[in-house]
Amino acid sequence: THTHTHLLTLPHHHPPTTTMSKVKATDVAEPFRAETQAMVQALPAAVEPLLVGFLATDDPASRKYAQWTGVSCRKDGIGFELRECQPHELEGKLLEANSDPAVHGIMIYYPCFGGVPSFYGGRMDDYLRDLVAVEKDVEGLCFTYRHNLYHNIRRLPTLQGEPTDKKCLLPCTPLAIIKFLEYLKVYDDQLPLGNRMSGQTVTVINRSEIVGRPLGAMLANDGADVYSVDIDSIYLMRRGKMLASTLDAEQACRQSNVIITGVPTESYKLPSEWVQPGTVVINVSHFKNVDEESLLQVEGVRYVPMVGKVTVAMLERNLIRLIHNFHLPDSNVKVVEAGGRIVRL
């Protein structure tokens, strides 16, 4: 979707050229973390970056992610506070953090309520996602950023609808996957921004609201044909359109030069015989969705087993973007909640 440009210009790190390879998340994450460290040091002394994570679940994967985030942030000069609470306390604590000027970014470790419905309509987890203030939503998942992502709006508009210089935030895990694809030169940087996936076919297995659907939209808005596969349906995503598809998962995968798996179960495995030579395969799930041994037999395959370190690097990068957009001492912007549009004072 949006302009995936670096905040600073750093030397490009070219992936090694081997017949088939495993891609290490550290190689992709480190340049972004170095950039973040430099940007933290360049902030005015009055701004001490603070990211607050809310944990209201017993999910071990969420706790592990929270621990990783804390270690990484502290290493890069960013304050990180993990605030644990019961699910029923979360709404009040979120509102507190929204109005606390010391807090620059807020994230929630999902699921909190799972499929439990909300008094306010929809599911409780969705309601909480939209409750995070636009100026503190480090995950880029609230209504404003989501709406802009799907409509391919790359900068926050004013009330009059004019684009500002404030770039929209993008959700961290989908953005991390884009960074892997840029690193592996799947994105063609010779093409204009917004068109660098032209001619590419991608299959994304799992259409979750946190990863699969926004990722599909970002890739489609950059010109790709994206087969979005879920448990009971397959759609073809093309720039702002969800088209019914007659293909099955196997046919979609066989046509794709990129396959992304995000199935949250141990039992799911992508059949390696569906993977064509030279394909990039990215596993986003906490579980290993591939049989690594047979996958790496496929000629020229490039395989990303884990994206977590790059996701955390994108989280840090998003926090710095929020600070530059909204939290500098001389900031002259306010966010109007209806549509999250910027009003200049």
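What this report covers is the structure whose coordinates are included nearby. All values reported here derive from a predicted model rather than from experimental measurement.

A short note on unusual backbone geometry
Leave glycine aside and you will find that most residues have negative phi; peptide bonds, for their part, are mostly trans. Of note, the amide linkage connecting tyrosine 110 to proline 111 takes the cis form, showing an omega dihedral of 0 degrees. Along the chain, proline 111 turns up in the loop between β4 (105-109) and α4 (124-131). Positive phi, normally seen in glycine, also occurs at asparagine 152, with a value near 60 degrees. Structurally, asparagine 152 can be placed in the loop between α5 (143-150) and β5 (155-157). Overall, the relative accessible area of 29% leaves asparagine 152 in the partly exposed class.

Concerning the packing of aromatic side chains
Centre-to-centre distance and the angle between the planes together describe a pair of aromatic rings. By the definition in use, this model includes 3 aromatic pairs. Centre to centre, the rings of tyrosine 65 and tyrosine 109 are 5.4 Å apart; their planes meet at 90 degrees, and the pair counts as edge-to-face. Here tyrosine 65, found in helix α2 (residues 60-75), pairs with tyrosine 109, found in strand β4; they are 44 residues apart in sequence, far enough to count as distant. We classify tyrosine 109 as buried; its relative accessible area is 2%. Here tyrosine 120 and tyrosine 127 contribute two aromatic rings whose centre-to-centre distance is 4.2 Å and whose plane-to-plane angle is 25 degrees, an arrangement assigned as stacked. Residue classification places tyrosine 127 among the buried positions, given a relative accessible area of 18%. Aromatic ring contacts, followed pair by pair, group Phe119, Tyr120 and Tyr127 into a single cluster.

A look at the sheet that holds strand β2 (residues 50-55)
Across the sheet, 3 strands lie side by side as β3-β2-β4; this open sheet has parallel pairing. Taken across any chain shown, the strands that pair with only one partner, and hence form the sheet edges, are β3 (79-84) and β4. This sheet shows a mean twist of 20 degrees between the axes of neighbouring strands, independent of strand direction. The pairing of β2 with β3 spans 6 bridges and is parallel. The partner of leucine 50 across the bridge, within β3, is glycine 79.

Some details on the sheet that holds strand β9 (residues 233-238)
Spatially, the 8 strands line up as an open sheet ordered β1-β13-β12-β11-β7-β8-β9-β10, and their pairing is mixed. The sheet is open, and its two edges are formed by β1 (21-22) and β10 (241-244), each paired on a single side. Bridge count for strand β12 (residues 280-283) against strand β13 (residues 302-304) is 3 bridges, and the pairing is parallel. When the sheet's bridge partners are listed, valine 281 is paired in β13 with tyrosine 303. The strands touched by helix α7 (residues 212-221) are β7 (201-205), β8 (225-230), β9, β10 and β11 (258-261); relative to β9, the strand with the most contacts, the crossing angle is about 35 degrees.

So, the pairing of strand β6 (residues 163-167)
Pairing analysis gives 2 bridges linking β5 to β6, with the strands arranged antiparallel. For proline 157, the partnering residue across the bridge sits in β6 and is proline 163. Once β5 ends, the chain turns through 5 residues before running back antiparallel as β6, passing glycine 161 with a positive phi of about 90 degrees.

Quick word on the layout of surface pockets
Approximately 1400 Å³ is the volume attributed to the largest pocket. Taken together, 44 residues make up the lining of the largest pocket; nearest its centre are Thr173, Val211, Val284, Ser285 and His286. Of all the elements in the fold, those that place two or more residues in the lining of the largest pocket are α2, β4, α4, α6 (172-183), β7, α7, β11 and α10 (308-327). The element contributing the most residues to the lining of the largest pocket is α2, with 5 residues. Class assignment for the residues of the lining of the largest pocket results in 23 nonpolar, 13 polar and 8 charged.

Criteria and cut-off values
Residues numbered from 1 in each chain as written. Predicted model: local features only at pLDDT ≥ 70, side-chain atom pairs only at ≥ 80, totals over all residues. Heavy atoms only, no water. Helix = DSSP H or I, 4+ residues; strand = E, 2+ residues; numbered from the N terminus. Buried < 20%, exposed > 50% of the residue type's maximum accessible area, 1.4 Å probe, protein only. Phe/Tyr/Trp six-rings, centres within 6.5 Å; stacked < 30°, edge-to-face > 60°. Pairing = 2+ DSSP bridges. Axes fitted to C-alpha atoms, helices over the stretch in contact; angles between N-to-C directions. Contact = heavy atoms within 4.5 Å. 1 Å grid on protein atoms, 1.4 Å probe; cavity = no way out; pocket = protein on both sides within 12 Å on 5 of 7 lines; lining within 4 Å. Points joined across faces, edges and corners; volume = space filled by probe spheres on them. Nonpolar A, V, L, I, M, F, W, Y, C, P; charged D, E, K, R; others polar.

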